[in-house]
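Read off the chains here:
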Amino acid sequence: VLTAAVTYSKPRLATFWHYARVELVPPTPAEIPQAIESAKGLVKSFQAGRLSQITVKDALRNGLVATEVLLWFYIGEIIGKGSLIGYNV
Amino acid sequence: MVPPVQVSPLIKTARWSALLVGMIYGKKRYDYLKPIAEEERRVEAEEKVAREEAERIARQLAEASDDSILK
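Parameters at a glance
- One numbering rule holds for all chains: residues counted from 1, following each sequence as written.
- Chains carry letters and ligands carry numbers; both start at the beginning, A for chains and 1 for ligands, and go up in the order they are written.
- Local features in a predicted model are, by the rule used here, given only for residues with pLDDT of at least 70; side-chain atom pairs are given and counted only at 80 or more, and totals for whole chains, interfaces and linings are based on all residues.
- Hydrogens and water are ignored here; the side-chain numbers use all heavy atoms of the structure.
- Each helix is a run of DSSP H or I of at least 4 residues and each strand a run of E of at least 2, with the numbering of both proceeding from the N terminus.
- Using C-alpha atoms as the atom set, the radius of gyration is obtained and then compared with a globule rule of 2.2 Å times the number of residues to the power 0.38.
- Only protein chains enter the accessibility calculation, which uses a 1.4 Å probe; a residue is then buried when its area is under 20% of its type maximum, exposed when over 50%, and partly exposed in between.
- For accessible areas, the Shrake-Rupley method is used with a probe of radius 1.4 Å. Any residue's cover is judged against the shown protein chains and nothing else.
- Positive charges come from Lys and Arg, negative ones from Asp and Glu, while His and the chain ends are left out of the count.
- Every charge is mapped to an atom, namely NZ of Lys, CZ of Arg, CG of Asp or CD of Glu.
- Salt bridges are counted wherever a side-chain nitrogen of Lys or Arg sits within 4 Å of a carboxyl oxygen of Asp or Glu.
- Two residues form a contact once any of their heavy atoms are found within 4.5 Å.
- When residues are sorted by character, Ala, Val, Leu, Ile, Met, Phe, Trp, Tyr, Cys and Pro go into the nonpolar class, Asp, Glu, Lys and Arg into the charged class, and all the rest, Gly among them, into the polar class.
- Values of pLDDT, ranging from 0 to 100, describe the predictor's confidence in every residue of the model.
- The patches reported here contain residues having more than 30% relative accessible area and no salt bridge. Joining distances are 9 Å for like charges and 5 Å for nonpolar side chains (Val, Leu, Ile, Met, Phe, Trp, Tyr).

## Thoughts on the overall build of chain A
- A count of helices and strands for chain A gives 3 helices and 0 strands.
- Going from the N terminus to the C terminus, chain A shows its helices and strands as α-α-α.
- Relative to a compact globule of 89 residues, whose C-alpha radius of gyration would be 12 Å, chain A shows 19 Å and is clearly more extended.
- Taking the principal axes of the C-alpha coordinates as reference, chain A spans close to 60 × 40 × 30 Å.
- For chain A, with 89 residues in total, the buried portion stands at 15%.
- Looking at chain A as shown, the accessible area adds up to about 7000 Å², and 71% of this sits on carbon and sulfur atoms.
- With 9 positive and 6 negative side-chain charges, chain A shows a spacing of 4 Å between the two charge centroids.

Given below as structure tokens:
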């Protein structure tokens, strides 16, 4: 059963790595100032009143991305507390 | 297969910093909750001993005072 599981998961693991190597990589130190820049740009555009001009589709997409970022916080909490459901005190 | 998309740096930093903050928060909260739970367990054990003593006495009194003929 173990060899069957390995042969099943190898190609899927390969596709996961194929995407993760580009998409899930932590930001290089060169990209962090870029990130701060785009965050500032976001704040400025909201101050300029662009909030009334976003399409619903764009708003939904940004909402999904924001939800995914918050999701990583909860994954970090699971890792930090050392158990999947609830704190094992 | 669709080629992998270039994620914007803002989203990348946000994701990984959220992961880090989550890990720190989980660890800190665990360390805060652990002694509280141990204290509660200790208090519960003490009260359990006291309660069982009281129950034992009550049971003995009840046995001594009921009107059964099976003694």
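## Looking at the pattern of salt bridges
Residues and elements named next belong to chain B.
- In total, this model carries 7 salt bridges over all chains according to the counting rule given.
- In this structure, the salt-bridge partner of Glu 53 is Arg 56, at a minimum N-O distance of 2.6 Å. With Glu 53 and Arg 56 both in helix α1 (residues 9-65), this residue pair falls 3 residues apart, about one helical turn.
- The exposure class of Glu 53 is partly exposed, given its relative accessible area of 39%.
- With relative accessibility at 37%, the residue Arg 56 sits in the partly exposed group.

## Topic: the interface of chain B and chain A
- Every contact between the two is made by 29 residues of chain B and, on the other side, 30 residues of chain A.
- Along the contact surface separating chain B from chain A lie 1 salt bridge.
- Ionic pairing is found between Glu68(A) and Arg15(B), a salt bridge with its closest N-O pair at 2.9 Å.
- Residues that form the side of chain B that touches chain A fall into these classes: 19 nonpolar, 4 polar and 6 charged.

## As for the confidence of the model for chain A
- For chain A, the average pLDDT comes to 83, and 100% of its residues sit at 70 or higher.
- Here helix α2 (residues 31-47) of chain A is the element of chain A with the lowest mean pLDDT, 79, and helix α3 (residues 56-81) of chain A is the one with the highest, 91.

## Considering a nonpolar patch on the surface
Residue and element names in this part refer to chain A.
- Among the surface-exposed residues, Leu 13, Phe 16 and Trp 17 lie close enough to one another that they form a single nonpolar patch of about 350 Å² accessible area.
- With respect to the helices and strands, Phe 16 occurs in helix α1 (residues 2-23).
- For Phe 16, a relative accessible area of 46% puts it in the partly exposed group.

## Digging into the environment of Val69(A)
- Residue placement: Val69(A) occurs in helix α3.
- A relative accessible area of 15% places Val69(A) in the buried class.
- In this structure, Val69(A) is in contact with Ala14(B), Arg15(B) and Ala18(B), ignoring residues within four places of it in sequence.

## Describing the side chain of Lys12(B)
- Locating Lys12(B) in the fold gives a position in helix α1.
- Residues in contact with Lys12(B), not counting those within four places in the same chain, are Glu23(A), Val25(A), Pro27(A), Glu31(A) and Val7(B).

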